[in-house]
Amino acid sequence: MSKRHSAKYKLDRAMGENLWGRAKSPVNKRSYGPGQHGQRRKSKVSDFGLQLKAKQKLKGYYGNITEKQFAATYAEAARRKGNTSENLIGLLESRLDAIVYRAKFVPTVWAARQFVSHGHVTVNGKKVDIGSYRVKVGDVIEVKEKSRNMALVLEAQQSGERDLPDYLELGDRGFSVRYGRVPELSDVPYPVKMEPNLVVEYYSS
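Residues numbered from 1 in each chain as written. Predicted model: local features only at pLDDT ≥ 70, side-chain atom pairs only at ≥ 80, totals over all residues. Heavy atoms only, no water.

A. Structural view of the nonpolar core. By size, the foremost hydrophobic cluster in this structure holds 45 residues, and its most contacted members are Leu58, Leu96, Val100 and Ile141. Per element, the largest residue contribution to this core is six residues, and it comes from helix α6 (residues 109–117). A domain-level breakdown of this core finds at least three residues from each of domain 1 (9–34 + 44–92 + 189–204) and domain 2 (95–186). In this structure Leu96 touches Val116, Val121, Val123, Val128, Ile130, Gly131, Tyr133, Val135 and Ile141, once residues within four positions along its chain are discounted. (Core = buried A, V, L, I, M, F, W, Y, C linked by side-chain atoms within 4.5 Å. Buried < 20%, exposed > 50% of the residue type's maximum accessible area, 1.4 Å probe, protein only. Helix = DSSP H or I, 4+ residues; strand = E, 2+ residues; numbered from the N terminus. Domains from an automatic or database assignment. Contact = heavy atoms within 4.5 Å.)

Right under this line is the structure:
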């Protein structure tokens, strides 16, 4: 197992939840945390502990986002008008790597960053290789013609683990999507409950 996959599944066990809804998640077999102390009785978690877990869960869900990047995304959400929690979700879901994952171009959010950075994706016909690139409403995201027969892409498209959210409009035989609108929390198909309100409290405290 690669270090990347190992880290991903370790996060599942640390959170005690199947964050990505994958059949391979070890949480499906062992709900306790990783390590030699994973089966100890859990003590009552403080408010700060709940906020920290909510932040780690939401940040971890999007794969390779660093602490600095996530904090910057929160700061941008807080600067914008409206509900900061909803703004945060909208910004995270507007990332190119997140949309590549949602569109089922690749099987995991971890693979999405790599798929983008290797130049397999275009936005409005132009190659973009930055996973954190912010997609705008109306943009068309497409898998390059020469990349469409990759095993990774075919595996993702045949998977029944995820459904395409309705804020993405599918086109070109499943190899392109149009970003129809910025989603709200209730629109995003998270396999587990996300609590961005606690994330806001974490950064506000």
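B. The arrangement of the packing of aromatic side chains in detail. Scanning the entire structure with this criterion turns up seven aromatic pairs. Ring centres of Tyr62 and Tyr190 lie 6.5 Å apart, and the angle between their planes is 85 degrees; this geometry places the pair in the edge-to-face category. Of this pair, Tyr62 sits in the loop between α2 (47–61) and α3 (67–79) while Tyr190 sits in the loop between β5 (176–179) and α8 (196–204), and the two are 128 residues apart along the sequence. Taking 5.1 Å as the distance between ring centres and 85 degrees as the angle between the ring planes, the aromatic pair formed by Tyr202 and Tyr203 counts as edge-to-face. Using a relative accessible area of 22% as the deciding quantity, one classes Tyr203 as partly exposed. (Phe/Tyr/Trp six-rings, centres within 6.5 Å; stacked < 30°, edge-to-face > 60°.)

C. Molecular detail of the pairing of β5. Bridge analysis of strand β3 (residues 140–143) against β5 gives three bridges, and the strand direction is antiparallel. By the bridge assignment, Val140 is partnered in β5 with Arg178. Relative to β5, strand β4 (residues 168–171) runs antiparallel, the two sharing four bridges. Directly across from Leu168, in β5, lies its bridge partner Tyr179. Taking the residues between adjacent antiparallel strands as the criterion, β4 and β5 are bridged by four residues, where Asp172 takes a positive phi near 45 degrees. (Pairing = 2+ DSSP bridges.)

D. Up close: the sheet that holds strand β2 (residues 126–127). Within the open sheet, the five strands sit side by side as β2-β1-β3-β5-β4. Their pairing is antiparallel. The sheet is open, and its two edges are formed by β2 and β4, each paired on a single side. In this sheet, β2 lies alongside strand β1 (residues 121–123) in antiparallel orientation, the contact comprising two bridges. Note that in β2 the partner of Val123 across the bridge is Lys126.

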